[in-house]
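Survey of secondary and tertiary structure
Below, each chain spelled out in residue letters.
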Amino acid sequence: MAFWNRRRSIEQITAFEGGSRLKPTMSWPHLIALGVGAIVGTGIYTLIGVGAAKAGPAVMLAFLIAGLVCVFAALAYAELATMIPASGSAYTYSYAALGEMLAWVIGWSLILEYSLVVSAVAVGWAGYFTGFLDSMGWGLPAALTSGPFGTETPGIVNLPAVGIVGVVAGMLMLGTRESATVNAVLVVIKVLALGAFVAIAAPHFDAANLQPFMPYGFGKSIDAQGVEVGVMAAAAIIFFAFYGFDAVSTAAEETKNPKRDLTIGIVGSMVVCILIYLVVAAAAVGSMPFYQFAASPEPLAFIARTLGSETAATVIAGAAIVALPTVLLAFMYGQSRIFFVMARDGMLPRGLAKVSEKRGSPVLMTGVTAILMAVIAGLFSLGELAALANAGTLAAFVAVGAALIVLRVQQPNRPRMFSAPLWPLVGAGAILGCLYLFISLPVSTQVNFFIWNGAGLVLYLLFARRNTRLAKGEEPAA
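Given the structure is predicted, the values throughout are model-derived calculations rather than measurements.

Reading the values: the criteria
Residues numbered from 1 in each chain as written. Predicted model: local features only at pLDDT ≥ 70, side-chain atom pairs only at ≥ 80, totals over all residues. Heavy atoms only, no water. Helix = DSSP H or I, 4+ residues; strand = E, 2+ residues; numbered from the N terminus. Rg over C-alpha atoms; globule rule 2.2 N^0.38 Å. Buried < 20%, exposed > 50% of the residue type's maximum accessible area, 1.4 Å probe, protein only. Contact = heavy atoms within 4.5 Å. Areas by Shrake-Rupley, 256 points an atom, 1.4 Å probe, with all protein chains shown as cover. Lys, Arg positive; Asp, Glu negative; His and termini not counted. Charge placed at Lys NZ, Arg CZ, Asp CG, Glu CD. Phe/Tyr/Trp six-rings, centres within 6.5 Å; stacked < 30°, edge-to-face > 60°. Salt bridge = Lys/Arg side-chain N within 4 Å of Asp/Glu carboxyl O. Axes fitted to C-alpha atoms, helices over the stretch in contact; angles between N-to-C directions. Parallel < 35°, antiparallel > 145°, perpendicular 65-115°, else oblique. Left-handed = near helix turned anticlockwise from the far one by under 90°. Nonpolar A, V, L, I, M, F, W, Y, C, P; charged D, E, K, R; others polar. Disulfide = S-S within 2.5 Å. Patch = residues over 30% accessible without salt bridge, like charges linked within 9 Å, V, L, I, M, F, W, Y side chains within 5 Å.

On to the overall build of the protein chain, then. Broken down by element type, the protein chain carries 20 helices and two strands. Whereas a compact globule of 478 residues would reach a radius of gyration of roughly 23 Å, the protein chain reaches 21 Å, a difference of no more than 12%. Dimensions of the protein chain, computed from C-alpha atoms along their principal axes, come out at roughly 65 × 45 × 40 Å. Here the protein chain holds 478 residues, and the buried ones make up 59% of them. Put simply, of all contacts in the protein chain between residues at least 6 apart along the chain, 82% involve residues at least 24 apart. Working note: accessible area of the protein chain is about 16,900 Å², and carbon and sulfur atoms make up 70% of it. Where the 26 positive side-chain charges of the protein chain centre and where its 22 negative ones centre are 11 Å apart.

With that out of the way, let us pick up unusual backbone geometry. A cis amide bond links Gln211 with the next residue in sequence, Pro212, at an omega value of -10°. Among the structural elements, Pro212 can be located in the loop between helix 9 (176-201) and strand 1 (221-222). The phi torsion at Ser89 lies on the positive side, around 55°, for a residue other than glycine.

We now examine the packing of aromatic side chains. On inspection of all chains with the given rule, the structure shows 12 aromatic pairs. Seen in terms of ring centroids, Trp104 and Tyr460 are 6.0 Å apart; in terms of plane orientation they differ by 40°. Their pairing is tilted. Here Trp104, found in helix 7 (residues 100-135), pairs with Tyr460, found in helix 20 (residues 443-467); they are 356 residues apart in sequence, far enough to count as distant. A relative accessible area of 1% places Trp104 in the buried class. A centroid spacing of 5.7 Å and a plane angle of 75° characterise the contact between Phe290 and Tyr291, whose relative ring orientation is edge-to-face. On the basis of relative accessible area, Phe290 is assigned to the buried category, the value being 12%.

A separate point is the pattern of salt bridges. The tally for this structure, following the rule as stated, stands at eight salt bridges. Residues Glu79 and Arg408 are paired through a salt bridge, measuring 2.8 Å at the closest nitrogen-oxygen approach. Separated by 329 residues along the polypeptide, Glu79 in helix 5 (residues 59-83) and Arg408 in helix 18 (residues 382-410) bring together distant segments of the chain. Residue Glu79 is classed as buried on the basis of its relative accessible area, which comes to 1%.

At a minimum axis distance of 10 Å, the contact between helix 7 and helix 20 shows a crossing angle of 130°. Classified by the interaxial angle, the pair formed by helix 7 and helix 20 is oblique. Judged by the sense of rotation from one axis to the other, the crossing of helix 7 with helix 20 is right-handed. Contacts from Glu100, Met101, Trp104, Val105, Trp108, Ser109, Ile111 and Leu112 of helix 7 reach helix 20 at Phe449, Trp452, Asn453, Gly456, Leu457, Leu459, Tyr460, Ala464 and Arg465. Here the residues of the contact of helix 7 with helix 20 are counted per class, giving 12 nonpolar, three polar and two charged.

Among the eight residues that make up helix 10 (residues 231-238), eight are buried, leaving the element largely enclosed by the rest of the structure. Within the sequence span of helix 10, burial applies to Val231, Met232, Ala233, Ala234, Ala235, Ala236, Ile237 and Ile238.

Taken as a whole, this structure holds zero disulfides when the rule is applied. Note on Cys70: no disulfide assigned, nearest cysteine sulfur contributed by Cys434 at a separation of 6.9 Å. Residue Cys70 is classed as buried on the basis of its relative accessible area, which comes to 0%.

Among the structural elements, Phe450 can be located in helix 20. With a relative accessible area of 52%, Phe450 lands in the exposed category. For the pair formed by Phe450 and Ala391, sequence separation is 59 residues and the distance between their alpha carbons is 9.5 Å.

With that out of the way, let us pick up a nonpolar patch on the surface. Together, Met214, Phe218, Tyr436 and Ile439 make up a nonpolar patch on the protein surface, roughly 370 Å² of accessible area in all. Looking at the element boundaries, Tyr436 is found in helix 19 (residues 423-440).

This brings us to the side chain of Lys54. Assignment of secondary structure puts Lys54 in helix 4 (residues 47-55). Despite its burial, Lys54 pairs with no opposite charge, the nearest such side chain being Glu228 at 5.5 Å. Leaving out residues up to four positions away in the same chain, Lys54 has contacts with Tyr216, Val227, Glu228, Val229, Gly230, Ala233, Ala234 and Ile237.

On to the packing of helix 4 against helix 10. In the contact formed by helix 4 and helix 10, the axes pass within 7 Å of each other and the chain directions differ by 165°. Relative to helix 10, the element helix 4 lies roughly antiparallel. For the pair helix 4 and helix 10, the sense of crossing is right-handed. Between helix 4 and helix 10, the contacting residues are Leu47, Val50, Gly51, Lys54 and Ala55 on the first element and Val231, Ala233, Ala234, Ile237 and Ile238 on the second.

Within helix 6 (residues 89-97), nine of the nine residues are buried, leaving the element largely enclosed by the surrounding structure. Among the residues of helix 6, those classed as buried are Ser89, Ala90, Tyr91, Thr92, Tyr93, Ser94, Tyr95, Ala96 and Ala97. Immediately beyond the C-terminal end of helix 6, within one or two residues, lies Gly99, with a positive phi of roughly 105°.

Structure (structure tokens):
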């Protein structure tokens, strides 16, 4: 069999090596909290401003479109995660269904996605933290609150963003169950803060603020300033706000009852978050003209402050400071597991696939992941990071839709604890919807994505293809 088409059997994927098996400690409440913690975060607390600048009041429609595309992907993830209860997410599913080289491409894309998501959320958190300090009269020097790249006011390093990455990495190193419990508490705080925002903004709802509803049109276009605008341009960025549910699938190996709990965690967290997003977005754009808050790094707190509720603005900013790290935790958790599984498979140096005997988690890989993300967060801006992270995610979701179809055709009789309804439509919807969103991304983002994967393919050809378990004959190809 050609190296690029080598596939691992599902039986081999779920037969873990001694000493590299992650410890199962989580149940479905932890998974829903992990999913909601990952999904409800920067997208609604900060990117609603970026989306409104591109779509106007139709940012609500952008949220809905991005959410519907993610529903298709979530159903595909739920079927595959319960059928292949191993860490690695789309990378693992691709290895079983699409072949080794495509699995590498998807794993490399997931590295891009998770690294940039954590970095982008850290930058978003830093915006709220900096605003909170300023309101208390303890502002940091501007040079220490902004990176040197991708911003109108470049600084030296975004120190708060680097700091929060370090704090969350420390939490994860303590152990999976402990960090999941802290995550659940912070998720409750975050959702309550969004409820408080809706309670403040809703009484100020004015239908006139929704006119014109779609000032920049539906499809992606270029405005007079050379900026890409339109509902789909906004949806392609806002997509960043929804895809945290795939972090739940990376927890498959650490779930006590994966065949039941993964479905509840993935689908449940997705449904809850779509409802939350639509309500908050409607309250935001209905309470004041979108252009007033579009440029703010803390749009929800800005809206509350402008509406005359300084105390509520402080509370919302404070809740974001406390609760946005749940997104960091979920994605840093997912990234370290994907790195870990790729190392365990031989795609990356195997010495990185070590599990702490005391913690039952990959402490070494968590530390390596944190250093990478802290460097990115300290140097780049939010919008630039979010767009490129979306490209990696869209590639992964296309692969998951394709893996669903391939395994349904090739292995129709394999037991499935959860079967995606209308699977041809679900698979095709995930593939086509994600391709349309990818086309709607900025051209520079698309170019950078292909450069990233071109470099990844060189690394695969030089190192990974010779060192995988299949290449060394340690297990038979499927």
